[in-house]
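Chain by chain, the residues:
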Amino acid sequence: MFSLTLHRAVGALFAVTALAAAPTTMAAEAWKPTKPVRLLVGFAPGGSADTLARLLAEPLSQRLGQAVVVENLAGAGGNIMAYRLSQSPADGYTIGIAAAGSMAITHVLNPKGTNYKPTDFTPITLAAVQPNVVIVNKDVPANNLAELKDYFQKTPTATYGTAGVGISNHLIAETMLYKMGVKVPHAAYRGAAPVITDLLGGHIAMTMDNISTAAPLASQGKVKAIAVASIKRAPQLPNVPTLDEQGLKGFDMPTWQGVFAPAGLPADVLAAYYDALQDVLKQPGLIEKMAGLGSEPVTGMTPEKTSAFLENDRKQWADIVKAANISLEQ
């Protein structure tokens, strides 16, 4: 129930979409932007979504022939950016980097209370996936999952934080805590960077963060890495055991990011963006930079396959929300 492995989900998806009537390759027309493109990001600078946007911006601008300008619209777990994107003209000059929080989880947690809906977007492609890591303040007296559970049980004032209510890292952390049998108050922030600031300052005890942020901090001894939230250990933290190894069998929940546009994007513009992004995501230099951050590019996810993946993702998050009794107040 709690497996959210992108590779497994995508593999199954390929088998399904191979039978579908929709084409799995894009027949690109010669659309080219004639002015700069805005690339919106729903989080503050320094997090995985922002890092991906800045890695993509330069090669994408070279491919499109126009500047791609990254614009951070942080807040509400990426929902502020998603709403702004949904209200933008579908002319190709505004696209966004979004993740499960705004594209899947929000509609599960609060299906009637959001100011946008899944059909307000044109999925272009999935772009990246990263493992998540449980990290704690270096003064927390815990070096493994069992000791962390003991600490939380003995310290009712301890809290943990993530970059917003309803983002994937919030629900992944809640799922872990649920399976551990402990309840810990959640503090929501406007992005990954302020979470880390308060973690380093001891204002929160723990966070669940992408490896691109967690690994350097752990390697420098600024935080302690307790576990990797995937089946396999991460090359960036080879000595950190997985949650699966520490008793949470089958726990495998990565974070993904994709590229989206407003609904109604013309077919030639969609084709141009898909083809450009596929070229960019296959560039050896980009792959090397992403690998150094613990991120892996995802290629071959056409708009049709991305739409099907999102539908499946929403169903899996709905299962998690129900099982762990997660609400917007957490």
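Above: the structure in question.
Description of the structure in this document. No experiment lies behind these values; they were computed from the predicted model shown.

Regarding the sheet that holds strand E1 (residues 37–41)
Argument step 1. The mixed open sheet is built from 6 strands, whose spatial order is E2-E1-E3-E10-E4-E11. In this open sheet, the two edge strands, each paired with only one partner strand, are strand E2 (68–72) and strand E11 (296–297).
Argument step 2. In this structure, E1 lies alongside E2, joined through 5 bridges in parallel fashion. Residue Val41 lies in a different strand from E2, and its bridge partner there is Asn72.

A word on the environment of Glu288
Argument step 1. When you line up the elements, Glu288 lands in helix H10 (residues 284–292).
Argument step 2. With 28 residues separating them in the primary sequence, Glu288 and Gln316 have C-alpha atoms 31 Å apart.

Some remarks on the pattern of salt bridges
Argument step 1. Counting across every chain of the model gives 8 salt bridges.
Argument step 2. The partner of Asp120 in a salt bridge is Lys117, with the nearest N and O atoms 3.3 Å apart.
Argument step 3. By relative accessible area, which is 16% here, Asp120 ends up buried.
Argument step 4. Taking the shortest distance from any N to any O, the salt bridge between Lys183 and Glu174 comes out at 3.6 Å.

Description of the nonpolar core
Argument step 1. Leu148, Phe152, Met176 and Trp317 are the most contacted members of the largest nonpolar core, which has 54 residues in total.
Argument step 2. Once residues lying within four places of it in the same chain are set aside, the contact partners of Met176 are Val134, Leu145, Met206, Met208, Leu243, Leu248 and Phe251.
Argument step 3. Core analysis: the second largest hydrophobic core is formed by 37 residues, Ala57, Val70, Ala127 and Ala261 among them.

Some details on the packing of aromatic side chains
Argument step 1. One pass over the structure, following the stated rule, counts 5 aromatic pairs.
Argument step 2. With a centroid separation of 5.6 Å and 40 degrees between ring planes, the pair formed by Trp31 and Tyr273 is classed as tilted. Taken together, the positions of Trp31 in the loop between helix H1 (6–17) and E1 and Tyr273 in helix H9 (residues 267–281) put the pair 242 residues apart, joining distant regions of the chain.
Argument step 3. A relative accessible area of 15% means that Trp31 is categorised as buried.

Definitions and cut-offs
Residues numbered from 1 in each chain as written. Predicted model: local features only at pLDDT ≥ 70, side-chain atom pairs only at ≥ 80, totals over all residues. Heavy atoms only, no water. Pairing = 2+ DSSP bridges. Helix = DSSP H or I, 4+ residues; strand = E, 2+ residues; numbered from the N terminus. Salt bridge = Lys/Arg side-chain N within 4 Å of Asp/Glu carboxyl O. Buried < 20%, exposed > 50% of the residue type's maximum accessible area, 1.4 Å probe, protein only. Core = buried A, V, L, I, M, F, W, Y, C linked by side-chain atoms within 4.5 Å. Contact = heavy atoms within 4.5 Å. Phe/Tyr/Trp six-rings, centres within 6.5 Å; stacked < 30°, edge-to-face > 60°.

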